[in-house]
Amino acid sequence: MEPDVSIETSSKIRAAVLPIGKITTPLFRDYASMLNQHQTVSLSSVSSFYTEHQKSPFAHQPWDSGSLRFKFMLGGSPLSPWEDFQSNRKILAVIGICHCPSSPDLGSVAQQFSNACKGYSSSLVQRCFAFCPGDSQLEDESHKGGNLVLFPPADRQTQELHLQTMMQDIAASLLMEFEKWVLQAESGGTILKTPLDSQASLSSEEVIKAKKRRLGRAQKTIGDYCLLAGSPVDANAHYSSALELARLTGDFFWYAGAMEGSVCALLVDRMGGQKDPIVEEEVKYRYNSVILHYRKSFIQDDAQRVSPLSFELEATLKLARFLCSLLRRELSKEVVELLTAAADGAKSLIDASDRLILYVEIARLFGALGYHRKAVFFSRQVAQLYLQQDNKFAAISAMHVLAMTTKAYRVQTRASIEHNISEDSEPTHADEGKMHHHSIVSLFESQWSTLQMVVLREILLSAVRAGDPLAAWSAAARLLRSYYPLITPAGQNDLVSALANSAERLPSGTRSADSALPFIRLHSFPLHSSQMDIVKCNTAREDWWAGAAPSGPFIYTPFSKGESNLSSKQELIWVVGEPVQVLVELANPCGFELMIDSIYLSVHSGNFDAFPITVNLLPNSSKVITLSGIPTKEGPVSIPGCIVHCFGVISEHFFKDVDNLLTGAAQGLVLSDPFRSCGSMKIKNVSFPAVSVVPPLPLLVSHIVGGDGAIILYEGEIRDVWIHFANAGTVPVEQAHISLSGKNQDSVVSVAYETLKSALPLKPGGEVTIPVTLKAWQIGLMDCDTAAGRSLSGSTGKLVKDGCSPMLVLHYAGPLSNSGDLLGNESAPPPGRRLVIPLNICVLQGLSFVKARLLSMEIPAHVGGTYPKLVQLESGDVEEADGLEKQTDRFMKIDPYRGSWGLRFLELELSNPTDTVFETVVSVDVENSNSNKSPSDFKCGEFSYPKTRIDRDYTARVLIPLEHFKLPVLDGSFLVNGSQMNGTTSGRSSSFSERNSMAETNASIKNLISRIKVRWQSGRNSSGELNIKDAIQAALQTSVMDVLLPDPLTFGFRIAKNCVDHTRKLDSPDNSDVQDNSPLSRGSIIAHDMTPMEVLIRNNTKEMIRISLSISCRDVAGETCIEGEKATVLWEGVLSGITTKVPPLQEIKHSFSLYFLIPGEYTMLAAAIIDDANEVLRARARTNSSDEPIFCRGPPFHVRVNGTA
């Protein structure tokens, strides 16, 4: 059998193309490729070289449309025993190719060519083409006129044109030789034999039968030469005669051959025209007849020696190829039936080479139909036939054949996969994230697992025999990587040995497109250090860092909340010269220990230096490792996988392959998940983000002086923390901004930003330290209860709660613009950085509040001759004259207009549940200011009260006097307006007034709270301040008006001044420098003596008040002693029903005299009824009725009456 046969094969002239002299194989193939361009030579181009010596036997030669067809046999071909049966099997022309520079002796070349032509006795024309001859060779005329044709040096186009001319000459020569042979065959009788005839006995009967068949066979052979000469009409006429004669003589074998020739003549005659269904049906009918007659010529006795079965199978293949060329899908079934019949006939073939050719042709035709699985099945049959031959070249052929089957079995190498994908479609940017069909289904299909393993084992065996260690390594790697679950531990060790043996025969550093173990997937990116976050700069804004997101795509930070995400694609920014890390997970699902010589990140962009590491993986184990490297220059970075040096070969492992593998495992397309089989946890599929490298940036490294551990503070403790910054980068820091984030930001009292700003620009290696003042916050109520419970059991009461501490956020950057840029080069500014410094504050429970309450106390004053001196101010206000402040005024402020010690205290009960001792100090900021005064006239002072010591597990009460905070004037701005009081306003106005009143009340309370400080100290260095805001606000919420507002009227009693002066004159004539120690000056009155007295009434409002004043005196029993039958005090003047007016912010006095009959203790009281009260007074009195009188009573004043001596 012959390969690549078709119906038109009978019309092709075989020409052997032989290398002559010394010529390299690539050069020989290059010249042969020029020759292959002239496989068809038209008869019209041959006419100029053709000479008709006698009348041509080809009467119907189509000179205008016909052509001669050539089939060039590179290297020649052996003689066929069937040349008489099919003339197209003969080598009718011999063409030699010589390279003159390599073979300078043309005589030797001519002799070699002549010797080569002796092996082809059937050849009719011989030519030797000598390319690129030298000048001396061109001048040598000894070889001119022979078979040696010189091709002078010229360009390729000129040489091709010269070669075309020579082929036309060869075609004309062959045509004339064909005419001679046909004329000789018609005139003389020639005996034509086949191997079938030679095998028969030479009995007289066989000789007689051969003579009878000679004429029919001659007609068939003449038809063959007519067909080779390009005259299908003449050939068909001779074939018709041959068919008739063969049918009459029962020569079925030659009958089938003539029928084949007639079909070829039919197709050649209609070649180039429209497809004719009638012709197609005729071809099918005739070839079925050909197959039938070949089968009839089978002789059972000769089956073991020679058989026409090969011609029957060839005819079957020719018909199948013809039907395939029609490109009609309905004919596929017929083709499959023909090929199936041919495959069945292969079992009866004697020659193994015939069986090899048959399987090759069947595989080709199935592949042309699109039946790839059937095609690869027969391809494997071809490979097995090659493997049965014990030689290296057969193994190489088997390896190449099996390599062609890998695509259909989906076990191909990665290089072939990438080549096929690139040929199918050009990848686009939009398809980058999509998975190709080959990536999952085509690469991994568990339905063919056993068959795929067999194919890979055959490839491995053929590669080992062929001496191709790289192909053997690749096959073993694919077998181990894809089918490890189906391979026993012993088989896995055999594959490891095969990998090692192949690697030993490979040069060091050999790379393979296929990867073995381990399986590698992208695990994650290490969380960015809070000192290395990168933010984009917006030079158009003063706050250049605003709106910038951190560089780490997998890190959650509270800074990006609410920011718009302009791109859904993850983005990662790396900095030139700064090491980066990537976490990958390795898996070894096999039963042997895997030693990886080196593994590092694979970078295709060329701007990244990866650091290799060595890893050992135990059997059936996985490990997460960190791979690192340093970006070297700006631009995008592409890292599709890792480079692994394992089993002696370097290979690239792609993350996407493993992702597709895991996806296939989830869909049931893959045998096993290697990571799950190693006990690894299932993680979310992580894709490599878009990475860009930016120029070098500054890098600030911070630490808290004294250690980065937790800062332990008691509640309310104030402490300074020093933070040290150092620029570890190569670019100076020129921009810096500090802000706060996180919870309890109020605990950061101050940050010395100016210190940092003054250190800018901070050059590489520069350092700066800034102080930060912290104040511990108050632990929540539940935390306090829990901590208190722990402290009772001996614990320190530490608050353990994540996320409570504030964070110091520092945005910094280098130069925001490059001064070296050319004008008009608007490049993006380099990014900045964000440094997040967690202030790890651990708050311990300190002093705790038990309760807070408001206390009031009233101490009656004594009536005396002294009285505070008042000074009238220009604004109309009244204040006390400057004088020596009494010691008691440091603790409490006495209202001079009330005449009594009317005090209010805020009592705070504190508990110490800790193991330390606290000392508390109450301080009050006293402020005496007036709105009309300049700021320089304000008088401020801080009064500190005695310390209170609170031991562990003890409680103490701290009193805070509130008299310092009473307003000097009852102003209506603090109270609701009068329209609300009389009910004339609308509901909306009333609500508005209520809101204003509430706001003013809260403002006053806050002002009061801000002026009271309760500080504590524990030990030598621990100090702080108690948070008393909530306690004071809760205690004062209902009594704020009583605390802050004075009474509308205040009353006071004193002995008349003229009486005091008269006493002074009697006791001491010169009393200017003597202290007043008289009884009257000390508030003592003598019985049975008329004592003149005065009552003082002060108006604390800004409007005139009309009052009705009354004065009473009571004894120690509380009974009135002025009226009634038992009156013990006589009086002079008016004591009741006194109607008068009190000017705004002024005082009046009313004089009277008392005569005490009995010594003892008496109490003086003054009261008044206010007429026509305004809104302010009604609001202060908390009355809603405008007709209801407002009654004001002064505090009691004690009078001590002494008896006479």
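Residues numbered from 1 in each chain as written. Predicted model: local features only at pLDDT ≥ 70, side-chain atom pairs only at ≥ 80, totals over all residues. Heavy atoms only, no water.

Another aspect to go through is the overall build of the protein chain. Across its full length, the protein chain carries 30 helices and 48 strands. Out of the 1205 residues belonging to the protein chain, those deemed buried represent 48%. Split by element, the accessible area of the protein chain, about 59,600 Å² in all, is 52% carbon and sulfur. (Helix = DSSP H or I, 4+ residues; strand = E, 2+ residues; numbered from the N terminus. Buried < 20%, exposed > 50% of the residue type's maximum accessible area, 1.4 Å probe, protein only. Areas by Shrake-Rupley, 256 points an atom, 1.4 Å probe, with all protein chains shown as cover.)

What follows is about the side chain of Lys220. Examined against the element boundaries, Lys220 turns out to sit in helix H7 (residues 204-228). For Lys220, a relative accessible area of 2% translates into the label buried. Setting aside its immediate chain neighbours within four residues, Lys220 contacts Phe85, Gln86, Tyr239, Ala242, Trp254, Gly257 and Ala258. (Contact = heavy atoms within 4.5 Å.)

Think of a sheet as strands paired side by side through backbone hydrogen bonds, with each pair either parallel or antiparallel. With mixed pairing, 6 strands are arranged side by side in an open sheet as S2-S3-S1-S4-S5-S6. With partners counted over all chains shown, the strands left at the sheet margins are strand S2 (40-42) and strand S6 (148-151), one partner each. Geometrically, the sheet is characterised by an average inter-axis angle of 30° between neighbouring strands, direction not taken into account. Bridge analysis of S2 against strand S3 (residues 67-74) gives 3 bridges, and the strand direction is antiparallel. When the sheet's bridge partners are listed, Ser42 is paired in S3 with Ser67. Packed onto the sheet, helix H1 (residues 25-36) meets strand S1 (12-20), S3, strand S4 (91-99) and strand S5 (125-131) and runs at close to 135° relative to S4. (Pairing = 2+ DSSP bridges. Axes fitted to C-alpha atoms, helices over the stretch in contact; angles between N-to-C directions.)

Here the residue pair Leu517 and Pro518 is connected by a cis peptide bond, since its omega of 0° sits within 30 degrees of zero. The residue Pro518 is located in the loop between strand S7 (511-512) and strand S8 (519-524) in this model. Positioned with a positive phi, Asn620 is a non-glycine residue whose angle comes to about 55°.

Pairs of packed helices are described in terms of their axes, by the angle between the two and the distance that separates them. It is the contact of helix H12 (residues 332-345) with helix H13 (residues 352-369), at a shortest axis distance of 10 Å, that shows an interaxial angle of 165°. Here H13 runs roughly antiparallel to H12, going by the angle between their axes. Here the hand of the crossing between H12 and H13 comes out left-handed. Facing H12, whose interface residues are Ser332, Val335, Val336, Leu339, Ala342 and Ala343, H13 presents Leu358, Ile362, Leu365, Phe366 and Leu369. (Parallel < 35°, antiparallel > 145°, perpendicular 65-115°, else oblique. Left-handed = near helix turned anticlockwise from the far one by under 90°.)

This next bit is on the pattern of salt bridges. Using the criterion set out here, one finds 32 salt bridges in the structure. Between Lys284 and Glu281 there is a salt bridge, and its shortest N-O distance comes to 3.8 Å. Highlighted residues: Lys284 and Glu281, both in helix H10 (residues 277-296), separated by 3 residues, approximately one helical turn. The salt bridge partner of Arg952 is Asp953, with a shortest N-O separation of 3.9 Å. The exposure class of Arg952 is partly exposed, given its relative accessible area of 44%. (Salt bridge = Lys/Arg side-chain N within 4 Å of Asp/Glu carboxyl O.)

The subject of this paragraph is H10. Relative to the 28 Å expected for 20 residues at 1.5 Å per residue, H10 spans 29 Å between its end C-alpha atoms, a close match to the ideal helical length. When we look at burial in H10, the residues that qualify are Val279, Glu280, Val283, Lys284, Arg286, Tyr287, Ser289, Val290, Ile291, His293 and Tyr294. Of the surrounding elements, those touching the buried residues of H10 are helix H9 (252-269), helix H11 (309-325) and H12. (Expected span 1.5 Å × (residues − 1).)

Right, let's get into the nonpolar core. Nonpolar side chains in soluble globular proteins tend to end up buried together. Judged by nonpolar contacts, the single largest core of 183 residues is most densely connected at Phe70, Phe129, Trp574, Val584, Ile599 and Phe647. When neighbours within four sequence positions are excluded, Val584 is seen to be in contact with Ile520, Arg521, Leu522, His523, Lys623, Val624, Ile625, Leu627, Cys642 and Phe655. Ranked by size, the runner-up nonpolar core spans 37 residues in total, among them Val863, Cys1113, Leu1135 and Ala1166. (Core = buried A, V, L, I, M, F, W, Y, C linked by side-chain atoms within 4.5 Å.)

Overall, mixed pairing links the 5 strands, which are arranged S7-S18-S17-S12-S14 in an open sheet. Each edge of the sheet is formed by a strand with only one pairing partner; in this case those strands are S7 and strand S14 (613-617). Here strand S12 (residues 594-602) pairs with strand S17 (residues 641-646) via 6 bridges, running antiparallel. In the sheet register, Ile599 faces S17, and the bridge partner there is Val644.

Quick look at a negative patch on the surface now. A contiguous patch of negative charge, built from Asp135, Glu139, Asp140 and Glu141, is present on the exposed surface. Relative to the elements of secondary structure, Glu139 occurs in helix H4 (residues 135-139). (Patch = residues over 30% accessible without salt bridge, like charges linked within 9 Å, V, L, I, M, F, W, Y side chains within 5 Å. Lys, Arg positive; Asp, Glu negative; His and termini not counted. Charge placed at Lys NZ, Arg CZ, Asp CG, Glu CD.)

Running from amino to carboxyl end, helix H19 (residues 469-483) crosses helix H20 (residues 489-504) at an angle of 155°, the nearest separation of the two axes being 9 Å. With respect to H20, the axis of H19 lies roughly antiparallel. Considering only the axes of H19 and H20, their crossing is left-handed. Every residue of H20 that contacts H19 at Pro469, Ala472, Trp473, Ala476, Ala477, Leu479 and Leu480 is listed here: Gln492, Leu495, Ala498, Leu499, Ser502 and Ala503.

Below, the discussion takes up the side chain of Glu585. Examined against the element boundaries, Glu585 turns out to sit in strand S11 (residues 580-588). Only 2.9 Å separates the side chain of Glu585 from the side chain of Arg521, close enough to count as a polar contact. In this structure Glu585 touches Phe519, Ile520, Arg521, His523, Ser622, Lys623, Val624, Phe675, Ser680 and Ile683, once residues within four positions along its chain are discounted. (Polar contact = N/O pair within 3.5 Å; in protein donor to acceptor, adjacent residues only side chain to side chain.)

Now for the confidence of the model for the protein chain. In the predicted model, the protein chain carries a mean pLDDT of 78, and the fraction of residues at 70 or more is 77%. Confidence, expressed as mean pLDDT per element, reaches its minimum in the protein chain at helix H25 (residues 978-981) with 38 and its maximum at S14 with 95. In this model residues 781-801 is a low-confidence stretch, pLDDT under 50, and it forms 23 contacts with partners more than four residues away in sequence or in other chains. Taken as a whole, residues 867-899 scores under 50 in pLDDT and shows 72 contacts with residues more than four places along the chain or in a different chain. (pLDDT = per-residue confidence, 0-100.)

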